[in-house]
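Observations on the model geometry
For reference, the chains in residue letters:
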Amino acid sequence: MIAKGFSEPTDRIKRLKKALLDAVPQVEADRVRLVTEAYKETEDKPAIIRRAKVCEKIFNELPVTIRDDELIVGAMTVHNHSCQIGVEFSYSWVIDEFDTMATRMCDPFEIPQDVKAQLSKDFEYWPGKTSSEYAASLMSQEAKDCQAAGVFTVGNYFYGGVGHVCVDYGKIMRIGFTGIIREAG
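Let me sum up the structure you'll find in this document.

The rules we used
Residues numbered from 1 in each chain as written. Predicted model: local features only at pLDDT ≥ 70, side-chain atom pairs only at ≥ 80, totals over all residues. Heavy atoms only, no water. Helix = DSSP H or I, 4+ residues; strand = E, 2+ residues; numbered from the N terminus. Contact = heavy atoms within 4.5 Å. Areas by Shrake-Rupley, 256 points an atom, 1.4 Å probe, with all protein chains shown as cover. Lys, Arg positive; Asp, Glu negative; His and termini not counted. Charge placed at Lys NZ, Arg CZ, Asp CG, Glu CD. Salt bridge = Lys/Arg side-chain N within 4 Å of Asp/Glu carboxyl O. Buried < 20%, exposed > 50% of the residue type's maximum accessible area, 1.4 Å probe, protein only. Axes fitted to C-alpha atoms, helices over the stretch in contact; angles between N-to-C directions. Parallel < 35°, antiparallel > 145°, perpendicular 65-115°, else oblique. Left-handed = near helix turned anticlockwise from the far one by under 90°.

Quick look at the overall build of the chain now. Along the backbone of the chain there are nine helices and zero strands. Taking the principal axes of its C-alpha atoms as reference, the chain extends roughly 60 × 45 × 35 Å. Look at the contacts in the chain between residues 6 or more apart in sequence, and 62% of them connect residues 24 or more apart. Per element, the accessible surface of the chain, about 13,000 Å² overall, is 59% carbon and sulfur. Here the chain carries 23 positive and 28 negative side-chain charges, and the mean point of each set is 6 Å from the other.

Note on pairing: side chains with opposite charge can pair once their charged atoms come close. On inspection of all chains with the given rule, the structure shows 15 salt bridges. A salt bridge links Arg 33 to Glu 37; the nearest nitrogen and oxygen atoms lie 3.5 Å apart. Taken together, the residues span about one helical turn, with Arg 33 and Glu 37 both in helix α2 (residues 30-41) at a distance of four residues. Given the relative accessible area of 23%, Arg 33 is considered partly exposed. For Glu 37, a relative accessible area of 26% translates into the label partly exposed. One salt-bridge network, held together by shared partners, links Asp 30, Arg 33, Glu 37, Glu 41, Lys 57 and Glu 61.

Of note, the phi angle at Asp 69 is positive, near 75 degrees, even though the residue is not glycine. Here Asp 69 is to be found in the loop between α3 (47-61) and α4 (92-96). Residue Asp 69 is classed as partly exposed on the basis of its relative accessible area of 25%. Although it is not a glycine, His 81 sits at a positive phi angle of roughly 60 degrees. Along the chain, His 81 falls in the loop between α3 and α4. For His 81, a relative accessible area of 38% gives the class partly exposed.

It is worth spelling out the packing of α2 against helix α5 (residues 113-123) at this point. Running from N to C, α2 and α5 point in directions that differ by 25 degrees, and their axes come no closer than 9 Å. Overall, the two elements α2 and α5 adopt an arrangement that is roughly parallel. For α2 against α5, the interelement crossing comes out left-handed. Where α2 approaches α5, its residues Val 32, Arg 33 and Thr 36 are matched on the opposing element by Gln 118, Leu 119, Asp 122 and Phe 123.

Here it is as structure tokens:
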């Protein structure tokens, strides 16, 4: 007997769950390559234009991924359960984990050799240009010492980007991307 309020997942949901659980998590390099290209192409432009060009490049050139059994399609990664790197926020931690990320205790990710090569090439552009390096330049030595001693951590806000994103899918379904663009204009 099924407990009140719960039902057996459909075959489609079972397949999606299996695909996700069976996937070998991988780091991908497409976003890093595109962001690096956009920043190189816009070095003489204001920051807001540079970020806009990053978005344009990602929207136009990131590989389109449509997986079996999805009702709402699209993903930032080609492989299931994989990740892209936010290089403009930080990258040195990835270099530090190139050879250990696949075997770390929490969230292991494989980095194929061709991806390591692409990331290494693109990372050469970024020293002194990331938001984490800028944030660190604004911190007092006392704050840096406290962070190093484990008194506090800036965690993902320092290394993974600014803010969190909660997409209002209901709104997108109601007014579409054209409506979102119209509102932003």
